[in-house]
Amino acid sequence: MFSGKNIPAVGVSVGIERVFAILEEKAKDNPYVRETQTEVLVATIGSGLIGEKLALARALWDVDIKAELVYSENPKPQKQLSFALENLIPFIIWLGENELKDGVVKLKCLYKETEETIPRDQLIQVLHERINLYKSELDQGLVKYAKLEESKQQEEEGGEGRKQGESRKQGESRKQGES
């Protein structure tokens, strides 16, 4: 083209900028873009439950439920809850010594902020129902993580408060410099 010679060539243009523009528009419509497909976090309260936690996770994997766990022998409940919220995992199964003794688990739905006690033998069926409902509500745009919304709002308010505080300090230091 620029050399003045005729060189046979074939080319294709994908228009990658257009593809990214469309993806960015879709991301604006959905603030809950997830980095993971995990549907359930298997969490424990108490020590010495790693075997039970792994066995439950394995049972969920065997029926194609996307489950994950915090890879620590005795993680604190707050660490597990924070992990689920940060990764937008919709459900947590809480397993503790009392739940083991009673043959139940606690199923917490993070986006609805509900918790229910479920017999272990009904867990798979109930989880499939809850996950299907979650997917349906997600498609309809009905899924909102209240805790996530609160923390975003606090960050925004904290950022504005910080800016105002910095402006005030800058003004005070200028006045001191003038005197």
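The preceding data block contains the structure.
Residues numbered from 1 in each chain as written. Predicted model: local features only at pLDDT ≥ 70, side-chain atom pairs only at ≥ 80, totals over all residues. Heavy atoms only, no water.

Q: Go over the overall build of the protein chain, please, and point to the residues and values.
A: Helix and strand content of the protein chain: 6 helices and 5 strands. Looking at the protein chain as a whole, 29% of its 179 residues qualify as buried. Here the analysis covers contacts within the protein chain between residues at least 6 apart in sequence; of these, 59% occur between residues at least 24 apart. A total of about 12700 Å² of accessible surface is found on the protein chain, and carbon and sulfur atoms cover 50% of it. (Helix = DSSP H or I, 4+ residues; strand = E, 2+ residues; numbered from the N terminus. Buried < 20%, exposed > 50% of the residue type's maximum accessible area, 1.4 Å probe, protein only. Contact = heavy atoms within 4.5 Å. Areas by Shrake-Rupley, 256 points an atom, 1.4 Å probe, with all protein chains shown as cover.)

Q: Tell me about the environment of isoleucine 92, and please be specific about residues and values.
A: One can find isoleucine 92 in strand 3 (residues 91–96). On the basis of relative accessibility, which here comes to 0%, the residue isoleucine 92 falls in the buried class. When the C-alpha atoms of isoleucine 92 and glutamate 115 are compared, they prove to be 9.2 Å apart, with 23 residues separating the residues in sequence. Aside from chain neighbours lying at most four places away, what touches isoleucine 92 is Leu41, Ala43, Leu81, Ala84, Lys106, Leu107, Lys108 and Leu110.

Q: Got a sec to walk through unusual backbone geometry? Specific residues and values, please.
A: The residue aspartate 64 is not glycine, and still its phi comes out positive at about 65°. Note that aspartate 64 resides in the loop between helix 2 (50–62) and strand 2 (67–69).

Q: Tell me about the sheet that holds strand 2, and please be specific about residues and values.
A: Pairing is mixed across the open sheet formed by 5 strands, whose spatial order is 2-1-3-4-5. With partners counted over all chains shown, the strands left at the sheet margins are strand 2 and strand 5 (114–119), one partner each. Each adjacent strand pair in this sheet contributes to an overall mean axis angle of 30°, direction not counted. Across 4 bridges, strand 3 lies against strand 4 (residues 104–109) in antiparallel orientation. Among the inter-strand pairings, phenylalanine 91 is bridged to a residue of strand 4, identified as cysteine 109. The sheet strands contacting helix 3 (residues 77–86) are strand 1 (40–45), strand 2 and strand 3, and the helix crosses strand 1 at an angle near 170°. (Pairing = 2+ DSSP bridges. Axes fitted to C-alpha atoms, helices over the stretch in contact; angles between N-to-C directions.)

Q: An account of a nonpolar patch on the surface is needed here, citing residue identities and associated values.
A: A contiguous nonpolar surface patch, about 600 Å² in accessible area, is contributed by Val12, Val14, Ile16, Val19, Phe20 and Leu23. Along the polypeptide, valine 14 turns up in the segment before helix 1 (16–29). (Patch = residues over 30% accessible without salt bridge, like charges linked within 9 Å, V, L, I, M, F, W, Y side chains within 5 Å. Salt bridge = Lys/Arg side-chain N within 4 Å of Asp/Glu carboxyl O.)

Q: Could you give an account of the pattern of salt bridges, with specific residues and numbers?
A: Evaluation of the coordinates by the stated rule reveals 5 salt bridges. Put simply, glutamate 137 and lysine 112 hold a salt bridge, and the shortest N to O gap is 3.4 Å. Of this pair, glutamate 137 sits in helix 5 (residues 123–139) while lysine 112 sits in the loop between strand 4 and strand 5, and the two are 25 residues apart along the sequence. What makes glutamate 137 buried here is its relative accessible area of 13%. Two residues, glutamate 116 and arginine 130, come together in a salt bridge whose shortest N-O distance is 3.0 Å.

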